[in-house]
Amino acid sequence: MTISTKKRNFYICMLLILLVQIFYYSNVILGQTYSDSNSYINWEPELCFRMFLYPLIIDFWQIIFPEYFSLGIVLTQIIISYLSLIFLYKTLCILEKGETNLALVILLFYGCSPAIISWNTIILSESLTLSLTVFFIYFTVRWLTYFENRSAIGIVVTCFLATMTKTAFFVYGIAIICLALLVLLCNKEKKKQTIFLLTLSVLLLLSFLIQCTYNYIHCGLFSMSYLSSRHSLVHALRTGLYLNHPDKQLVSVIDTIYTDNDYSLGYNTTSAVMALFGESWKEQNIGTSSFAKECLMTGPFQYFCDLAQNMVFACVRKFDHDYSAFTYTSSFSKAGINLLGLIFNPVRIGYGIILSLFGIFLSIKQWLKQRKCPFILLGTSCGLILVPISTIAGAYSEWTRLMIYMLPFVYVLAVMLLRPVLNTILFKLKK
């Protein structure tokens, strides 16, 4: 395949994606809000609830176009998301090595998936997180291929920006350090470049510690978000372990609140329980966190089973595109978009977990057989499995929304796992 033909096919693919996206955007109401949108629009840093990057984008558009700021945000998300497709394609080309057209097929499925582009129309951070995840994967794959210092900078910068958009992404800051140490151990020839990445990663981790310190001062929790206390409380309520707390008078009051709210685990229930621990926001967080930890420690096995059950329930969930917040321009529009979903949206959370485990297995097998660590395959597989693990451990619902940024890992890993199969098939056909 000549370079000109390859470029032409890429342009055709991007044009097809653009046409599909135009169809999508013209058939939904742009700038819709979700249940958590107000926490970004009316951002209060002292609450330690949301990170600053997405609220800053909202503030920017509110200053320029106060009445139509939501359309400005949507436009920003659409442009960044479309540009990220270029970086996704570059990543796939590095992995595919120009042997097949698999990169274009995967790019088409990713770019046309309503499960991905739907988030560009909503005032939530998921769209930006998806795009930053693509950039992060690109720089990581590029660094592991060429060991460039500029790629190392790209890894750290995108990880920082992604974490300042979605707190759960901080685990990749730790993952970068682990990756750098592994490369340092297995590849002595790239010691200088690896130490450079390791140094930047430590600085990145220090920035996260600064954020945790800020949250500790203002909210009483040494955590990236105050939500850790609320989520721990939910686990204590759902498992029934709150009944094991030694303060039976407190347990009785909490039980009354829980039953009066029909055993709902929503904000009304958790906020009412948190209010029992003090008047100030800081007192409520400290008291709730301490109470939840004491309860969960009384039944660690039961708590673990609850997490495992959540993982099983999450596995069967498909990455949806028809959320309650979405408003279509007509019933015909909804039918057309649902058809797009059937064609371009085949991924379930469980598929991603299976792919990651299979990728880890192949990595270990190849490492033992060839005595050489397949850093990209192992790193992508581990990066993928980190999403469901960190989400299940840190949250309690909305799995498809909170795990949406696993999709770039899924599509990249799919290329790595499918490429050898396609090469074998093509080789046999040529015979």
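That block above? That's the structure.
Residues numbered from 1 in each chain as written. Predicted model: local features only at pLDDT ≥ 70, side-chain atom pairs only at ≥ 80, totals over all residues. Heavy atoms only, no water.

Draft legend 1. Representation of the overall build of the protein chain. The helix and strand inventory of the protein chain stands at 20 helices and zero strands. Projecting the C-alpha coordinates of the protein chain onto the three principal axes gives extents of approximately 80 × 55 × 40 Å. Within the span of the protein chain, comprising 431 residues, buried residues form 53% of the whole. Here the contacts in the protein chain between residues at least 6 apart in sequence split such that 74% fall between residues at least 24 apart. Counting only carbon and sulfur atoms, one obtains 67% of the accessible surface of the protein chain, whose full area is about 20200 Å². Looking at charge distribution, the protein chain has the averaged site of its 31 positive side-chain charges lying 23 Å from that of its 21 negative ones. (Helix = DSSP H or I, 4+ residues; strand = E, 2+ residues; numbered from the N terminus. Buried < 20%, exposed > 50% of the residue type's maximum accessible area, 1.4 Å probe, protein only. Contact = heavy atoms within 4.5 Å. Areas by Shrake-Rupley, 256 points an atom, 1.4 Å probe, with all protein chains shown as cover. Lys, Arg positive; Asp, Glu negative; His and termini not counted. Charge placed at Lys NZ, Arg CZ, Asp CG, Glu CD.)

Draft legend 2. Region of interest: the nonpolar core. Within the largest apolar cluster, 112 residues are counted, with the highest numbers of intra-cluster contacts made by Leu-107, Tyr-172, Phe-319 and Met-403. Among the elements that take part in this core, helix 4 (residues 69–96) stands out by supplying 12 residues, more than any other. Within the second largest apolar cluster, 22 residues are counted, among which are Tyr-242, Leu-250, Met-274 and Phe-291. (Core = buried A, V, L, I, M, F, W, Y, C linked by side-chain atoms within 4.5 Å.)

Draft legend 3. Region of interest: the side chain of Asn-120. The topology assignment puts Asn-120 in the loop between helix 6 (114–117) and helix 7 (126–146). At 3.3 Å, the side chain of Asn-120 and the side chain of Ser-81 are in polar contact. Those residues in contact with Asn-120 that lie beyond four places of it in its chain are Tyr-25, Val-74, Gln-77, Ile-78, Ser-81 and Ser-127. (Polar contact = N/O pair within 3.5 Å; in protein donor to acceptor, adjacent residues only side chain to side chain.)

Draft legend 4. Structural context of the pattern of salt bridges. Per the counting criterion, the structure on display carries seven salt bridges. Residues Asp-36 and Arg-50 are paired through a salt bridge, measuring 3.3 Å at the closest nitrogen-oxygen approach. Within this pair, whereas Asp-36 is found in the loop between helix 1 (3–25) and helix 2 (37–41), its partner Arg-50 is found in the loop between helix 2 and helix 3 (53–64), the two being separated by 14 residues in sequence. Residues Asp-306 and Arg-238 are paired through a salt bridge, measuring 3.4 Å at the closest nitrogen-oxygen approach. Taken together, the residues Asp-306 in helix 15 (residues 300–315) and Arg-238 in helix 11 (residues 227–239) connect sequence positions 68 residues apart. Among the residues examined, Arg-238 registers a relative accessible area of 28% and is labelled partly exposed. Connected via shared salt-bridge partners are Asp-36, Arg-50, Glu-126, Lys-166 and Arg-401. (Salt bridge = Lys/Arg side-chain N within 4 Å of Asp/Glu carboxyl O.)

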